[in-house]
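This is what each chain is made of:
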Amino acid sequence: MNIALFTDSYIPTKSGIVTVVLQLRKVLTDMGHHVVIVTVNAHNYHDPEIDNDPDILRILSVPTPFKIPDQYIGFPFERIIIPFLKKHRIQIIHSHTEFFIAHAAKLSGKKLHIPVIATTHTLWEDFYIYYLPFGRLIPVKLIRKCVKRLYKKFFALINVSEKARDYFKSPFMLPASPSAIIPNALDSDSFIRKPVAAEELAALRKSWGIAPDDVVLLFLGRVVEEKRVEELLEVCMRVIQKNERLKVMFVGSGGALQDLEKRAREVSDRIIFTGYEPWTKVHYYYGIGDIFITASLSEMHSMTVLEALMSRLPIIARRDSSFSDTIFHGENGYFADTDEEMDGYILDLAADAEKRRRFGEKSYAVSRNFTPDVFGKRTIAFYTKVLEKYPERPTDRELQDAVDAASC
């Protein structure tokens, strides 16, 4: 099959969407399919391997004016994109964006008479107030109307979780658009490029002032408002007062980092902020963590939770349907209905090393449901059903049955 992935998030940008696109291209190529990328031209970034890749088309772009670092707006000229797609005999276009490049994907599909599908990566009504100028003054109804307009001309949708499906099936969104759920995946070989020796982990703990018998609460990800990191810090400041062996690590950078550091410094030296760490090193930090914690309610299907599962960590999170297939209450972690309820679950796990071990083994078992191999098979099954039915639209049941059959 000849497949084109359209995205406005790609190397050198670091994000969950970039990870998904890279993994999808690799696994589909390994399965014998031909995959090309249409993406933005990242300014002042050059990589000979990418620059000389005939299967990657970089288009003219400018940095986004919004408060989103390392993101670009592409100017997709049809006279460049259409010949590229024809040259590679593309049969289906898969968009990983809903913006300018997605518009080019839809126009290209129409001209070439091929289906254009999209993955619903982002729940914009949970994000826009943080990134759009005067975002807090924009009514959510307007955002919903814009999102609906952006997605309505896609032939079919891939949702990464029950939460994504339920949102796009809402009466105010696109209940008639055919869709199926295909969760994200994590490539263990890329994530953990080499095993980390116990003495290396011990040295890393010591370098951050963590004693061998300390219990480490780990948050890893972007330290930004929409991840509810301020609320998570409040939880951490409460629980460390009740257990003197608890240490907290926030691994990552973001707009809220300085404020959090200042607040934590006034309370305790047992809350650690590492700042930015390269993705090639983050598995070291999962390795020294004992419990993964998050208070985020804005996830679609969290890549960091997948990483925590693969790292054999128990997980404590706020209850959210985006975690319905990754966190199982009382088996590999806990769901809290309020921020305050997280306190009790953290203190319970912190006091019970055997339960942490048991929950961690269950987390690892759950992670096997999200391998690239399974992800690739599910995606190809979705493509195949779409192409089989095109130009008629498949039903939700037909798409989901095809995806589920490929998972077996």
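The structure we're discussing is the one just above.
Since the structure is predicted, the reported quantities are computational estimates derived from the model, not experimental observations.

Thresholds applied
Residues numbered from 1 in each chain as written. Predicted model: local features only at pLDDT ≥ 70, side-chain atom pairs only at ≥ 80, totals over all residues. Heavy atoms only, no water. Helix = DSSP H or I, 4+ residues; strand = E, 2+ residues; numbered from the N terminus. Rg over C-alpha atoms; globule rule 2.2 N^0.38 Å. Buried < 20%, exposed > 50% of the residue type's maximum accessible area, 1.4 Å probe, protein only. Contact = heavy atoms within 4.5 Å. Areas by Shrake-Rupley, 256 points an atom, 1.4 Å probe, with all protein chains shown as cover. Lys, Arg positive; Asp, Glu negative; His and termini not counted. Charge placed at Lys NZ, Arg CZ, Asp CG, Glu CD. Phe/Tyr/Trp six-rings, centres within 6.5 Å; stacked < 30°, edge-to-face > 60°. Lys NZ or Arg CZ within 6 Å of the ring centre and 35° of its normal. Core = buried A, V, L, I, M, F, W, Y, C linked by side-chain atoms within 4.5 Å. Patch = residues over 30% accessible without salt bridge, like charges linked within 9 Å, V, L, I, M, F, W, Y side chains within 5 Å. Salt bridge = Lys/Arg side-chain N within 4 Å of Asp/Glu carboxyl O.

**Structural notes on the overall build of the protein chain**
Moving on, step 1. Secondary structure assignment for the protein chain yields 17 helices and 15 strands.
Moving on, step 2. Its C-alpha atoms give the protein chain a radius of gyration of 22 Å, within 12% of the compact-globule value 22 Å for 408 residues.
Moving on, step 3. Principal axes of the C-alpha set define a box for the protein chain whose edges measure 65 × 45 × 45 Å.
Moving on, step 4. Burial statistics for the protein chain: of 408 residues in total, 56% are counted as buried.
Moving on, step 5. In the protein chain, the proportion of contacts linking residues at least 24 apart, taken out of those at least 6 apart, comes to 67%.
Moving on, step 6. Accessible area for the protein chain stands at about 18400 Å²; split by element, carbon and sulfur atoms hold 54% of it.
Moving on, step 7. Between the averaged position of the 54 positive side-chain charges in the protein chain and that of its 53 negative side-chain charges there is a distance of 6 Å.

**Re the packing of aromatic side chains**
We describe a pair of aromatic rings using the distance from one ring centre to the other and the angle between the two ring planes.
Moving on, step 1. Scanning the model with the defined rule gives 12 aromatic pairs in all.
Moving on, step 2. Ring plane angle 70 degrees and centroid distance 4.9 Å describe the contact between Tyr 151 and Phe 168, whose orientation is recorded as edge-to-face. Remark: Phe 168 occurs in helix α7 (residues 162-168) and Tyr 151 occurs in helix α6 (residues 140-151); sequence separation between them is 17 residues.
Moving on, step 3. For Phe 168, a relative accessible area of 2% translates into the label buried.
Moving on, step 4. Taken together, the aromatic side chains of Tyr 151, Phe 154, Tyr 167, Phe 168 and Phe 172 make up a single cluster linked through ring pairs.
Moving on, step 5. Note that Arg 144 overlies the ring of Phe 172, its terminal NZ or CZ placed 3.9 Å from the centroid.

**Structural notes on the nonpolar core**
Moving on, step 1. Met 249, Tyr 286, Phe 292, Phe 382 and Tyr 383 are the most contacted members of the largest nonpolar core, which totals 58 residues.
Moving on, step 2. If sequence neighbours within four positions are ignored, Tyr 286 has contacts with Phe 191, Leu 218, Leu 220, Phe 292, Thr 304, Glu 307, Ala 308, Ser 311 and Leu 313.
Moving on, step 3. Counting residues in each nonpolar core, the second largest holds 37 residues, with Ala 4, Val 36, Ile 59 and Tyr 151 among its members.

**Points about the environment of Glu 266**
Moving on, step 1. By secondary structure assignment, the location of Glu 266 is in the loop between α11 (257-265) and β12 (271-275).
Moving on, step 2. Taking the relative accessible area as the measure of exposure, Glu 266 reaches 62% and is therefore exposed.
Moving on, step 3. For the pair Glu 266 and Phe 127, spaced 139 residues apart in the sequence, the C-alpha separation amounts to 29 Å.

**Examining a nonpolar patch on the surface**
Moving on, step 1. Among the surface-exposed residues, Leu 60, Phe 77 and Ile 80 lie close enough to one another that they form a single nonpolar patch of about 260 Å² accessible area.
Moving on, step 2. Topologically, Ile 80 is positioned in helix α3 (residues 78-87).
Moving on, step 3. Residue Ile 80 is classed as partly exposed on the basis of its relative accessible area of 36%.

**Digging into unusual backbone geometry**
Moving on, step 1. A cis geometry characterises the amide bond from Tyr 390 onward to Pro 391, with omega recorded as 10 degrees.
Moving on, step 2. On the secondary structure map, Pro 391 appears in the loop between α16 (372-389) and α17 (396-407).
Moving on, step 3. Positive phi, normally seen in glycine, also occurs at Arg 89, with a value near 50 degrees.
Moving on, step 4. Its location among the elements puts Arg 89 in the loop between α3 and β6 (92-95).
Moving on, step 5. Here the phi dihedral of Arg 312 falls at roughly 60 degrees; this positive angle occurs in a residue that is not glycine.
Moving on, step 6. Along the chain, the position of Arg 312 falls in the loop between α13 (303-310) and β14 (315-318).

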